[in-house]
Amino acid sequence: SQSLDLRLPTPGCYADPVRAGMDADAVFDGMTEHLFFTLGKLATSASLRDLYMALSFAVRDRLMSRYLTSQETIRARPQKTVAYLSAEFLIGPQLNNNLLNLGIKKEAEEALKRFGIESLNEILEVEEEPGLGNGGLGRLAACYMESLASLQVPAVGYGIRYEFGIFNQLIRDGWQVEVTDKWLKGGWPWELPQPDEACLVGFGGQTESYTDDNGNYRSRWIPSEHAIGVPHDVPVLGYRVNSCDRLRLWRADATESFDFYAFNIGDYYGAVEEKVASETLSKVLYPNDGTDEGRRLRLKQQHFFVSCSLQDMLRSLEKRSIAVEEFPNHWTVQLNDTHPAIAVAELMRLLIDQHRLDWDKAWEITNRSVAYTNHTLLPEALEKWDLSLFKNLLPRHLELIYEINRRFLQQVRLKYPGNDLILRKLSIIDEEGGKAIRMAHLATIGAHHVNGVAALHSDLIKRQLLPEFAQLWPEKFTNVTNGVTPRRWVALANPELSKLLDKEIGPNWITNMDLLLELEKKENDSNFLDLFASAKLSGKRKLAGYIHRQTGVLVDPSSLFDVQVKRIHQYKRQHLNALQVIAQYLRIKNGITKNIAPRTVIFGGKAAPGYFMAKLMIRFINGIADVVNADPDMDGLLRVVFLPDYNVKLGEQVYPATDLSEQISTAGKEASGTGNMKFAMNGALTIGTLDGANVEIRDRVGAENFFLFGKTESEIMELRDQGYSPNSFIAESNELQETLKLIEVGHFSNGDSELFRPIINILTGNDPFFVMADFDDYLRAQDEVSKAWKKSKKWNRMALLNTARSGFFSSDRSIREYCQSIWKVKPLPVEISCEK
Ligand code: BZD
């Protein structure tokens, strides 16, 4: 392919063998200029934050020619671009990742030394991470953007620039306290606002029918309210390539023109109120990672960012004089769960009402462009919108959805004549109780592919979640097992392990994780196993320091670090882990220490602010930690820690420091999990159920290198169908009885026997997540863990094999699968020509 003749300002010519603009001198000069001109500071009075900002601006400058050339390359050589629509992008800190992907970490360190800063970490510490996501779903979107760029695939991530991201979590008296996340307060250097590319979005009002110039009946929407979306672009650079994709986050602004009238008639406050109302649209991320709250503002947020994004895609065609009918050849639109599923109706509306296409053409374009990823089977997490709320906010979309549904059900009738039951099951409109729109149905009907995020999950979508749809369109349903980026989660987070891998197998594992298989031949090499273990120990020492600073608890880096970090949820069963800790505590108290391995049990995660049981589980863990850590009998044997405010940055410390990864959800409930993959790559062993991607992790790393326990999904179903009674399991287990008794008498709540009553009640009542059914087997598996830990060479070999065989879980593999089987897109290498 010919190279583009772009004149690039320095710094920029990175194809140059001396990498002009990328050496330590240039980084130092860049920092000095930004300190002076951008930040208004003298180097002599610069704070750590000033230096963080100056370095970030200097690094951003060095991304710019790649970013602009990438955007220009896509514009000049039109080919299909991925539009990844997601209400969440949990991108984490940016500076270190950009240094890594640019390959100028050493140069930055050298430049910092000239400002008297000895360690890059001091500067990295200052960075506030944008918490624009709840958990796995948002983090997955971020990993996928990084892999898309690294694989040189043209892509745009479309989302919302929340002013307040996921809350910061404090722990007070053992309880979670939520604090607003003001991540923008010091200015965030990684975004480029593009006010000239703003889009207008309507809400409310009504539709009216009219006859157009050709005598056709049409409907038009007269919204009562508008908001403006202003794109804020974040460059997403690939690893050691020129490709730099874009994350385009929309911020909601008030519309000036609509306020004018009110201003003129003197209703100043009325005008200001509307302004305030429209600006609250992108104000805050909803902190529920499961249950759908059905809130009007959330639907507004969804329509806001989806409409802006689709308008942006259509505009990009217009700018290049490409006919709108060509849309599916230029954009492939991926819906990250149903949060952006309104895209199906909105694209139809834009094509029919604004671009004047007929229904069939518009539907063909929509269906050829859109694909949908499902991330949950939990019924309470499936999005539904109350019909009257929906009609009130999006009346035109409701008309279009009715028509989509009418035509779809007509098709179903032809296939299943006289079968009203199947019509009710498949309809977009849920007629049970108050009428509601089922967004998963809208997405499934509108999409050309529907995928789950792990093999078991995709199978359950077909068998349990949408069986009638799977029967109707078997070829539509597919699987793409999740993955995580090895750049952030190994190369950046685990420098010690990375160094060892580079030395042993060369640096190409970073972009080809299958090369890690070469490590298998080291499985009996004591020398290498020791080096592998000392990389782990170094991570544990760092985490131990952090734990001490944050919680005051001293932990022993040579103990087994047993970790469960993820959102707090009953289905994830942090309480099962907590009960196990109590059982170990009891054994130690009773002098039964033969099977005990010294452990540090670490928990971390946020609970949705309105989820009482999850918040009580945090209080419960902290109650246990207080008792265990204060008891001299536990010294050298057991420590319990709850790490406050688990986020991406903290994850980077936790994964490299973990020996045992807790993946203990009730089988059939965790769609995939992605933390499980990060742990395995970093050489942790998993104790887990056959749930989500655990199944595939175990298949890959080998059953002998995985601690399996618990009932399978089908056993759980069977138990449920037979009428599950937790008490029959409790009756058979002395340890479980004693554990529960200790909680009941208030041993972990200063004698208060009421505090944890709701936990006891739920476990001994209907126990919806089968904690009691799995308890004994879990304890057995934990004993296996302790036994294995005591044979350190064997443990290290198992850990090494986990790393060696984890390559499949790179998000590069996931993205290649999406590109080939769903998106049909190819990489577009970006060349940069240099001025000599
Ligand atoms: O998505 C998670 C699943 O629970 C995990 O099993 C899976 O690995 C990841 C990625 O596929 N789902 C979420 O994280 N969901 C949310 O965060 C969420 C957010 C808003 C509303 C509903 C769910």
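It should be emphasised that the depicted structure is a prediction, and the values quoted were computed from it without experimental measurement.

*Asks:* Which residues make up the UniProt feature "modified residue: N6-(pyridoxal phosphate)lysine" (unreviewed entry) in the protein, and what values go with them?
*Replies:* In the numbering adopted here, UniProt assigns the feature "modified residue: N6-(pyridoxal phosphate)lysine" (unreviewed entry) to K678. Tracing the chain through its elements places K678 in helix α25 (residues 675-681). Looking at K678, the number of C-beta atoms within 10 Å reads 30, which means it is buried. Beyond its immediate sequence surroundings of up to four residues, K678 is in contact with V484, W489 and Y655.

*Asks:* Outline unusual backbone geometry, listing residues and values.
*Replies:* Positive phi, close to 55°, is recorded for S321, a residue that is not glycine. Inspection of the secondary structure assignment puts S321 in the loop between α9 (296-319) and α10 (327-330). Using a count of 6 C-beta atoms within 10 Å as the deciding quantity, one classes S321 as exposed. For R573, which is not glycine, the phi dihedral falls at a positive 60°. Take R573: it is sitting in the loop between β18 (560-565) and α22 (574-589).

*Asks:* Describe the pairing of strand β16 (residues 449-452), listing the residues and the values that go with them.
*Replies:* Side-chain alternation along β16 places H449 and N451 on one buried face and V450 and G452 on a second face that is also buried. Two elements, strand β12 (residues 370-373) and β16, share 3 bridges in a ladder whose sense is parallel. Residue pairing in the sheet places A371 in a bridge with H449 of β16. Across 3 bridges, the pairing between β16 and strand β17 (residues 477-479) is parallel. For N451, the partnering residue across the bridge sits in β17 and is T478.

*Asks:* So what's going on with the site of the ligand? Which residues, and what values?
*Replies:* Residues in contact with the ligand amount to 19 residues; listed here are only the nearest, G136, L137, D289, A671 and S672. For the shell around the ligand, the class distribution of residues is 5 nonpolar, 12 polar and 2 charged. Both domains that furnish three or more residues to the shell around the ligand are identified here as domain 2 (78-92 + 129-481) and domain 3 (514-712 + 763-809).

*Asks:* Explain the sheet that holds strand β19 (residues 599-604) residue by residue, including any values.
*Replies:* Two pairing modes exist for strands in a sheet, parallel and antiparallel, and in both the strands are linked by backbone hydrogen bonds. What the 6 strands build is an open sheet, ordered β20-β19-β18-β21-β22-β23; its pairing is parallel. Looking at which strands have only one partner, the edges of the open sheet turn out to be β20 (638-643) and β23 (707-708). As paired elements, strand β22 (residues 685-688) and β23 share 2 bridges and run parallel to each other. The partner of G688 across the bridge, within β23, is L708. Against the sheet, α22 makes contact with β18, β19, β20 and β21 (660-663), and its axis sits at roughly 155° relative to β20, the strand it touches most.

*Asks:* Explain the domain arrangement of the protein residue by residue, including any values.
*Replies:* By the assigned domains, the protein splits into domain 1 (1-77 + 105-128), domain 2 (78-92 + 129-481) and domain 3 (514-712 + 763-809). Of note, the centres of domain 1 and domain 3, computed from C-alpha atoms alone, are 39 Å apart.

*Asks:* Any chance you could break down the nonpolar core for me, citing the residues and the numbers?
*Replies:* Ranked by internal contacts, the top residues of the largest apolar core, which has 223 residues, are L55, M145, A343 and I624. Counting 5 residues, the second largest nonpolar core, distinct from the first, contains L426, I461, L465 and F469.

*Asks:* Please set out the packing of α22 against helix α23 (residues 612-630) residue by residue, giving values where relevant.
*Replies:* Taken N-terminus to C-terminus, the directions of α22 and α23 make an angle of 20°; their axes are 10 Å apart at the nearest point. The orientation of α22 relative to α23 falls into the category roughly parallel. In terms of crossing hand, the pair formed by α22 and α23 is left-handed. For the pair α22 and α23, contact is made by Q574, H575, A578, V581, I582 and Y585 and by M617, F620, I621, I624 and V628, respectively. Residues that form the contact of α22 with α23 fall into these classes: 9 nonpolar, 2 polar and no charged.

*Asks:* Give a detailed account of the environment of K499, specifying residues and quantitative values.
*Replies:* Checked against the element boundaries, K499 lands in helix α20 (residues 495-505). Judged by the 12 C-beta atoms lying within 10 Å of it, K499 falls in the exposed class. Between the C-alpha atoms of K499 and G552, which are 53 residues apart in sequence, the distance is 31 Å.

*Asks:* Tell me what's going on with the packing of α23 against helix α30 (residues 757-764), and back it up with residues and numbers.
*Replies:* In the contact formed by α23 and α30, the axes pass within 10 Å of each other and the chain directions differ by 115°. Relative to α30, α23 is oriented roughly perpendicular. As α23 packs across α30, the resulting crossing turns out to be left-handed. Here M613, L616 and F620 of α23 lie close against α30, whose contacting residues are P758, I759 and I762. Of the residues contributing to the contact of α23 with α30, the split by class is 6 nonpolar, no polar and no charged.

Definitions and cut-offs
- Residues numbered from 1 in each chain as written.
- Predicted model: local features only at pLDDT ≥ 70, side-chain atom pairs only at ≥ 80, totals over all residues.
- UniProt positions renumbered as here; feature names shortened; annotations may be inferred.
- Helix = DSSP H or I, 4+ residues; strand = E, 2+ residues; numbered from the N terminus.
- Buried ≥ 20, exposed ≤ 12 C-beta atoms within 10 Å, placed from the backbone.
- Contact = placed C-beta atoms within 7 Å.
- Pairing = 2+ DSSP bridges.
- Near = placed C-beta within 6 Å.
- Nonpolar A, V, L, I, M, F, W, Y, C, P; charged D, E, K, R; others polar.
- Domains from an automatic or database assignment.
- Axes fitted to C-alpha atoms, helices over the stretch in contact; angles between N-to-C directions.
- Core = buried A, V, L, I, M, F, W, Y, C linked by C-beta atoms within 7 Å.
- Parallel < 35°, antiparallel > 145°, perpendicular 65-115°, else oblique.
- Left-handed = near helix turned anticlockwise from the far one by under 90°.

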